[in-house]
Every structure is written in C-alpha cells, then in structure tokens.
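# Reading the structure
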Amino acid sequence: MTDVPRQVANALMRHATWVMPSSDKAWGDAMQNEMQSIEEDREALRWAVGCLIASYGERTLGLLHSRPARWTLASLTSLLAMREFFAPAMVMAYRLQDQWLLQLFGAQTAGHDYHRFTPLLETVPSWILMFWIVSGLLYVGAIWRLLRKAGAAYVPFFLALIMDMTGSLMNRPFEIASGVVVNPHALVNAGAVLLPCLMGMMFWGMARGPSRLSS
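Residues numbered from 1 in each chain as written. Predicted model: local features only at pLDDT ≥ 70, side-chain atom pairs only at ≥ 80, totals over all residues. Heavy atoms only, no water.

Before going further, it helps to spend a moment on the overall build of the chain. Within the chain one finds nine helices and zero strands. The burial tally for the chain puts 35% of its 215 residues in the buried class. Counted over contacts in the chain with a minimum sequence separation of 6, partners at least 24 positions apart contribute 73%. In the structure as shown, the chain presents an accessible area of about 12700 Å², 67% of it carried by carbon and sulfur atoms. (Helix = DSSP H or I, 4+ residues; strand = E, 2+ residues; numbered from the N terminus. Buried < 20%, exposed > 50% of the residue type's maximum accessible area, 1.4 Å probe, protein only. Contact = heavy atoms within 4.5 Å. Areas by Shrake-Rupley, 256 points an atom, 1.4 Å probe, with all protein chains shown as cover.)

Quick look at the structure:
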C-alpha cells in the first residue's frame, strides 16, 4: 500500500502540472518523471512541494506578461503620477491665487476644502516640490517603458518611489510646524506605501525574461 507522503506527493505533482503554463508542459512532465525515480517517499514529497511552488511562480510570471496586466499596471501608475503632480499644482495655484483651481484641487482632498491647507501652502519650499515633480516624471517614464516593452521599467518606478518618500520626509517638519495633517486616515497612509511597493514588485516581475524552465 502506498504511503501517505507518496500519495500527497502524487496529488501535489498532478496539481503542479495542471497549474504549469502550456508552454512549460514538457518541463512539468520532466518534473513528474523525476519524482517517480525518487525512492524515498518524504524526499518525493519535498520535491513535489518545490515543483508546486515553481509552477505557481511560472503561472504568475505568465500572467504578468499579459497585455491586460501591463495596461492595468500602467493605469495604476498613472494615478501615482497624478498624485505626485497634485501637491505642486495646488501650491502653484495658491501662490497665483487662482481660485477656480484651488476650489477644484481642494474638492479632491480630505475635507473637500483647501483652506485648511493654507498654512502649509504658504510655507512649503519650492525645492521640496521638485522631489514630487521629478517623481511624477519618473512614473511617466516607467509607464512609457512598460507599454513599449523597453525593459527595466522597474528602475524609474523605484526611483520615483524613492523621490516621493524623500519629499514626504523632507516635508514632514513643515507639516508639523503648520499644524496641517495632510491625510488623517491611517489606513490610507498605509495603503499609500504598501500599494506602490506591491506595484514595484510587479514591475520587477515583468522585467524578467522568458522562463528558463522550458529551455
């Protein structure tokens, strides 16, 4: 009677070959044949677990290279770019006293009123705004490289993320001095960090070349 570890290993291997992209089916068959040559049941189980993880990795990599994934990531990155340009545009509108733009920008903020930002709009230095402008331009560059499949789109993306975080850290003393809380929602603040990091990992995954497993 087949031991339980061997039964589990066989089940995992069947699932691994099912998950494997069609282009890597030959590699999946080779994995299964290799496991059959392993006499020790627990070693076969470890092999099957490793193959299952690799299969899901290949499936994920295949999805990341699809057109819908690229356009979805490009759309999300465009929102990040607009976010970077938002604060500099709002400061410029305030200093030019363009009331229409101020009302428009203020309606997009928490509280829907720009007046609470007045102390910060008056004190934030222009050199800090440059961090966000450059960050926005780098996000645009990442989008361009992503859609043109120019390669290494994750490089401008992560540079943009670094510029954004640097600008935010530099601006923190001015926020404290002005008594302005830009975003009072902790979950929103956490999402503003975690989501770009997750997107960065997707950019990195898309930069990987064709699978070596099928070669």
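Moving on, we come to the packing of aromatic side chains. Applying the stated criterion across every chain, the model contains five aromatic pairs. When the ring of W127 is compared with that of F131, the centres are 6.4 Å apart and the planes differ by 70 degrees; the resulting orientation is edge-to-face. Here F131 and W127 lie together in helix α7 (residues 126-147), a separation of four residues that amounts to about one turn. Exposure remark for F131: the relative accessible area of 18% places this residue in the buried category. Each ring, one from F157 and one from F158, has its centre 5.9 Å from the other, and the planes form 90 degrees; the classification is edge-to-face. Members of the aromatic cluster, joined through ring pairs, are Y139, F157, F158 and F203. (Phe/Tyr/Trp six-rings, centres within 6.5 Å; stacked < 30°, edge-to-face > 60°.)

What follows concerns the nonpolar core. If you look at the biggest cluster of nonpolar residues, it comprises 17 residues, and the most contacted ones within it are L73, Y139, L146, F157, F203 and M206. Elements with a minimum of two residues in this core: α4 (67-95), α7, α8 (154-178) and α9 (186-207). With five residues, the top contributor of residues to this core is α4. The residues touching L73, leaving out its near neighbours within four places in the chain, are L146, M199, M202, F203 and M206. (Core = buried A, V, L, I, M, F, W, Y, C linked by side-chain atoms within 4.5 Å.)

Within helix α5 (residues 99-106), the full set of buried residues consists of L102, F105 and G106. Along the axis of α5, the buried residues cluster in a sector spanning 95 degrees; they form a single face. Looking at the packing, one finds that the buried side of α5 touches α4. Its side-chain oxygen placed 3.3 Å from the backbone nitrogen of W100, D98 serves as the N-cap of α5. (Arc of directions from axis to C-beta. Polar contact = N/O pair within 3.5 Å; in protein donor to acceptor, adjacent residues only side chain to side chain.)

Note: most residues except glycine have negative phi, and most peptide bonds are trans. You will see that Q97, though not glycine, has its phi angle at about 55 degrees, which is positive. Position of Q97 relative to the elements: it lies in the loop between α4 and α5.

Turning next to the confidence of the model for the chain. Per-residue confidence for the chain gives a mean pLDDT of 82, with 89% of residues at or over 70. Across the chain, the secondary-structure element scoring lowest on mean pLDDT is helix α2 (residues 25-36), at 75, and the one scoring highest is α7, at 94. This stretch, residues 210-215, has a pLDDT under 50; its non-local contacts, to residues over four places away or in other chains, come to seven contacts. (pLDDT = per-residue confidence, 0-100.)

What follows is about the pattern of salt bridges. Using the criterion set out here, one finds four salt bridges in the structure. Between E43 and R46 there is a salt bridge whose closest N-O contact spans 2.5 Å. Here E43 and its partner R46 are both found in helix α3 (residues 41-64), three residues apart, which amounts to about one turn of the helix. The exposure class of R46 is exposed, given its relative accessible area of 53%. Each member of the salt-bridge network shares a partner with another, and the members are R83, E84 and D164. (Salt bridge = Lys/Arg side-chain N within 4 Å of Asp/Glu carboxyl O.)

The next point concerns α8. A rise of 1.5 Å per residue sets the reference length of α8, with its 25 residues, at 36 Å; its end C-alpha atoms lie 35 Å apart and thus fit the reference within 8%. Along α8, the largest kink reaches about 35 degrees and is centred on N171; proline P173 follows within four residues of it. Where α8 is concerned, the buried positions are P156, F157, A160, L161, D164, G167, N171, E175 and S178. The first or second residue beyond α8 is G179, which carries a positive phi of 75 degrees. (Expected span 1.5 Å × (residues − 1). Bend = angle between axes of the 7 residues up to and from the residue.)

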